[in-house]
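Chain and residue survey
Spelled out from the first residue to the last, the chains are:
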Amino acid sequence: MSGTRDGRARDQPLGRCPICESMIPPGNLLIRYESADGWPKLFAECPGCEDPVHPQ
Ligand SMILES: [Zn+2]
């Protein structure tokens with residue numbers, strides 16, 4: 001299940017769900033935007049919660 005990591009950035013997860021701490025795969029990205037303070041933000045569907053969250 002976890003033997004396919006090769007250290008490349010291409011398929012890295014978007015981050016971790018702030019609610020259930022699941023790793024969110026890149027395919028779950030819903031939208032990417034810049035917040036008012038200039039930081040790029042991601043909005044992605046958590047595979048654990050099945051809800052849109054901000055990956056950390
Ligand atoms: Zn979650």
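Structure: see above.
Quick look at the structure, then. (Residues numbered from 1 in each chain as written. Predicted model: local features only at pLDDT ≥ 70, side-chain atom pairs only at ≥ 80, totals over all residues.)

Here we look at the sheet that holds strand 4 (residues 40-45)
The condition that has to hold: Pairs of strands are assigned from DSSP output, requiring at least two bridges between the strands. Numbering of helices and strands runs from the N terminus; a helix is a DSSP stretch of H or I covering at least four residues, while a strand is a stretch of E covering at least two.
Strand order in the open sheet made by the three strands is 3-4-5, with antiparallel pairing throughout. The open sheet is flanked by strand 3 (29-34) and strand 5 (52-53), the only strands paired with a single partner. As judged from the two bridges shared by strand 4 and strand 5, these two strands associate in the antiparallel manner. Directly across from Glu 45, in strand 5, lies its bridge partner Pro 52.

Notes on the environment of Gln 12
Put simply, the test is: Labels follow a simple rule on C-beta atoms placed from the backbone: if 20 or more others lie within 10 Å of a residue's own, it is buried; if 12 or fewer, it is exposed; otherwise it is partly exposed.
Relative to the helices and strands, Gln 12 resides in the segment before strand 1 (15-16). Overall, Gln 12 belongs to the exposed group, with 12 C-beta atoms counted inside 10 Å.

What to know about the pairing of strand 3
For strand 3, a buried count of zero out of six residues is recorded, marking the element as mostly open to its surroundings. As judged from the five bridges shared by strand 3 and strand 4, these two strands associate in the antiparallel manner. When the bridges of strand 4 are listed, Glu 34 appears paired with Pro 40.

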